[in-house]
Protein chains: 2
Amino acid sequence: MLIKNLIEDTHSFWTEGSGNFPEIVLSSRIRLARNLEEFLFNTSNKENSKGVLKTIKDATSNIESLEFFNLEIFNDLERKVLVEKHLISPGHGHNPQNKGILVNKEGSVSIMVNEEDHLRIQCFGSGLVLKDLWQKCTELDDLLEEKLNFAFNEKYGYLTTCPTNLGTGLRVSVMMHLPALVLTRQTNLILRQLSQVGVAVRGIFGEGTEALGNLFQISNQISLGQSEEEIVANVNLIVKRLVDQEQKAREYLLNKSGLLIEDKAKRAYGILTNAKIISSEEAFSLISDLRLGKTLGMVENLEIKPINELFLLCQPAYLQIISGKEMTAQERDIKRAEIFKEILQR
Amino acid sequence: MLIKNLIEDTHSFWTEGSGNFPEIVLSSRIRLARNLEEFLFNTSNKENSKGVLKTIKDATSNIESLEFFNLEIFNDLERKVLVEKHLISPGHGHNPQNKGILVNKEGSVSIMVNEEDHLRIQCFGSGLVLKDLWQKCTELDDLLEEKLNFAFNEKYGYLTTCPTNLGTGLRVSVMMHLPALVLTRQTNLILRQLSQVGVAVRGIFGEGTEALGNLFQISNQISLGQSEEEIVANVNLIVKRLVDQEQKAREYLLNKSGLLIEDKAKRAYGILTNAKIISSEEAFSLISDLRLGKTLGMVENLEIKPINELFLLCQPAYLQIISGKEMTAQERDIKRAEIFKEILQR
């Protein structure tokens, strides 16, 4: 994959609109945490990290499907784009020293090197495709294990820096659009119930972020005491239940207040295609309204893919990259409005 | 004029967009109050009113340019439309018994019979055209005086039911769109100053109504102690000063925050052409935003006339008339959105 595409491509695994339940599930992600036996588990130790980075780069150099990039080749803005595309975590992008990333051509695999763990293997897909992703991820894990010596303990499984990742080192997460559950005020209760069965719910940008645009990240909280397959199946089941609840809520809204939903969706379209200035926060909310209307068949001549792309384009760094310059908040709000118009009317 | 046109025509003197300063002045109106010497000045006395109505109907029957209608031939909704078109006052439309209206073909003359006074002669025009209207009104007054015996007193001039109309019986009023003065928070001060020089400021539907859509009716408060020409010249001068202030405020906004104004105007356009439900109150505000943007050259392919028509169509009775049925508030909000789309995209 060319660096340029990695940074500039507007398509992302989470804008495709394919896979299962694309009206509700934007994307699936599976992440494995792995560490090298022969190094300290401390990625903030400079010498140690240098060694980890070199070892991994060298060991993977003959894996054709993966390309290695040292994070230091990216400037601040470019690293922020990688975060916005969910290819790296905010923490990984923060300080690039002795950090790396291994990606495949399609952007559906991204391995962070020297994030909290030595390796964080991530596989992405559009829609609800956890089982496929698990298959892909485990193959990749096996391939890497042939070349690297992963720290493993009979009792605890794969050893990780943070104990919450111990065991399988597995994090399964799904990005869902749940506007109808929000509108029918069911989210609080449902999400509280989920936390009781070991499922974490976060906003679009991970821990501690708000559910902007009614987007929710659903993931397993612990990775110990269950097999990988059980964890994947468990999250899959819960997501399917949520899909079902969201579908029922959408049907309810359609029957009960279809016209209001249509009005909101069409107003959102009217504003998104006419405004001269749109803040990121407002954009998330408008796109959510438009997306709900679209999935209920109320918006003609518009596919779900460009709507998903708008979510990506809400974000500040990506906007600046495609504009080719750093911008103030107001300049971004203007550029955002300009690009939204283009995308929705193309 | 056909009754059908009188009621159903979407064009009104105040939607034309012609005359002087049409960007700021929607319409001008001159009204003369006259009473018949031989009758009581009490239009609520049934026998008396009957006599007044018959006398005026008979006396004007051979004036070719005017057509007489007994208000009782109109149903409630139709009378409300006449109010919304400003052809009759809300009070005149309230109870039609023994009340009448004389109108010309163009809808630019409307004489209310048995409103508060026996006759209220009204001449309308688009833009700031007070001098022309005064000419027209005075000719009409002379014509009527040849056929009717107006109560007149050497000391007080024309006698009227309410003492505030004594003397000339003249009310000169101008409907202005003053969004920039409102946005720059100058209206309160300016309007307070105006009241000190004998000028009244009201909302679009007369006394006690809010300035919906930033529309203001400017008129003289007293009609005694000045000649008609002085009153007309005085209001004309004050309106011109307001036009000047509004123009300066628009220039200021254009320079200071042109993009915000354009954003508001284009969002208004986006909502007005896409929404499924629009309340009357929201409509007034959106049309005001759109109109301001249009007059500042920010809205392409749209004339001022259809925008003015929208103001007329904000109103509940008119909407129901063109829909051919009585409607609930929600049905009206839906119909309004439908018609707005049609008008703006035709």
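Residues numbered from 1 in each chain as written. Chains lettered and ligands numbered in written order. Predicted model: local features only at pLDDT ≥ 70, side-chain atom pairs only at ≥ 80, totals over all residues. Heavy atoms only, no water.

Thoughts on the packing of helix 9 (residues 280-295) of chain B against helix 12 (residues 329-345) of chain B
Residue and element names in this part refer to chain B.
Turning to step 1, where the next piece is worked out: Contact geometry for helix 9 and helix 12: axes closest at 11 Å, N-to-C directions at 20 degrees. Here helix 9 lies roughly parallel to helix 12, going by the angle between them. Crossing hand, helix 9 versus helix 12: right-handed. Touching Ser280, Ala283, Ile287 and Leu290 of helix 9 are Asp333, Arg336, Phe340 and Leu344, all from helix 12.
Turning to step 2, where the next piece is worked out: Grouping the amino acids of the contact of helix 9 with helix 12 by side-chain chemistry returns five nonpolar, one polar and two charged. (Axes fitted to C-alpha atoms, helices over the stretch in contact; angles between N-to-C directions. Helix = DSSP H or I, 4+ residues; strand = E, 2+ residues; numbered from the N terminus. Parallel < 35°, antiparallel > 145°, perpendicular 65-115°, else oblique. Left-handed = near helix turned anticlockwise from the far one by under 90°. Contact = heavy atoms within 4.5 Å. Nonpolar A, V, L, I, M, F, W, Y, C, P; charged D, E, K, R; others polar.)

Some remarks on the sheet that holds strand 4 (residues 109-113) of chain A
Residue and element names in this part refer to chain A.
Turning to step 1, where the next piece is worked out: Here we have eight strands laid out as an open sheet, ordered 2-3-4-5-1-8-10-9, and antiparallel in their pairing. Of all the strands in the sheet, the pair left with one neighbour each is strand 2 (67-70) and strand 9 (199-202). Averaged over all neighbouring strand pairs, the angle between strand axes comes to 20 degrees, with direction disregarded. (Pairing = 2+ DSSP bridges.)

As for helix 5 (residues 130-147) of chain A
Residue and element names in this part refer to chain A.
Turning to step 1, where the next piece is worked out: The end-to-end C-alpha distance of helix 5 is 26 Å, a good match for the 26 Å that 18 residues give at a rise of 1.5 Å each.
Turning to step 2, where the next piece is worked out: Turning to helix 5, its buried residues are Leu130, Leu133, Trp134, Cys137, Leu140, Asp141 and Leu144. Here the buried residues of helix 5 occupy an arc of 135 degrees about the axis, which is enough to place them on one side. Pointing more than 90 degrees away from the buried face of helix 5 are the exposed residues Lys131, Asp132 and Glu146. (Expected span 1.5 Å × (residues − 1). Buried < 20%, exposed > 50% of the residue type's maximum accessible area, 1.4 Å probe, protein only. Arc of directions from axis to C-beta.)

Focus on the nonpolar core
Turning to step 1, where the next piece is worked out: Of all hydrophobic cores here, the largest spans 100 residues; its most connected members are Leu272, Ile287 and Phe340 of chain A together with Leu272, Ile287 and Phe340 of chain B.
Turning to step 2, where the next piece is worked out: Look past the residues within four positions of Phe340 of chain A in its chain and what remains in contact with it is Leu272, Ile278, Ala283, Ile287, Leu310, Leu313 and Cys314 of chain A. (Core = buried A, V, L, I, M, F, W, Y, C linked by side-chain atoms within 4.5 Å.)

What about the interface of chain A and chain B?
Turning to step 1, where the next piece is worked out: Taken residue by residue, the interface counts 17 residues in chain A and 17 residues in chain B.
Turning to step 2, where the next piece is worked out: Counting each side, the surface lost to burial between chain A and chain B is near 1500 Å², with a carbon and sulfur contribution of 64%.
Turning to step 3, where the next piece is worked out: Interface area lost by chain A to chain B is led by Leu259, Arg267 and Lys276 of chain A, which between them contribute 38%.
Turning to step 4, where the next piece is worked out: The tally of links between chain A and chain B comes to four salt bridges.
Turning to step 5, where the next piece is worked out: Arg267 of chain A is the partner of Glu282 of chain B in a salt bridge, and the nearest nitrogen-oxygen pair spans 2.6 Å.
Turning to step 6, where the next piece is worked out: At the surface where chain A touches chain B, the tally comes to eight residue pairs in polar contact (both at pLDDT 80 or more).
Turning to step 7, where the next piece is worked out: At the level of elements, helix 8 (228-272) and helix 12 (329-345) of chain A are the ones that each hand at least two residues to the side of chain A that touches chain B.
Turning to step 8, where the next piece is worked out: Considering each element in turn, the side of chain A that touches chain B owes the most residues, nine residues, to helix 8 of chain A. (Buried area = accessible area lost by both parts, 1.4 Å probe. Salt bridge = Lys/Arg side-chain N within 4 Å of Asp/Glu carboxyl O. Polar contact = N/O pair within 3.5 Å; in protein donor to acceptor, adjacent residues only side chain to side chain.)

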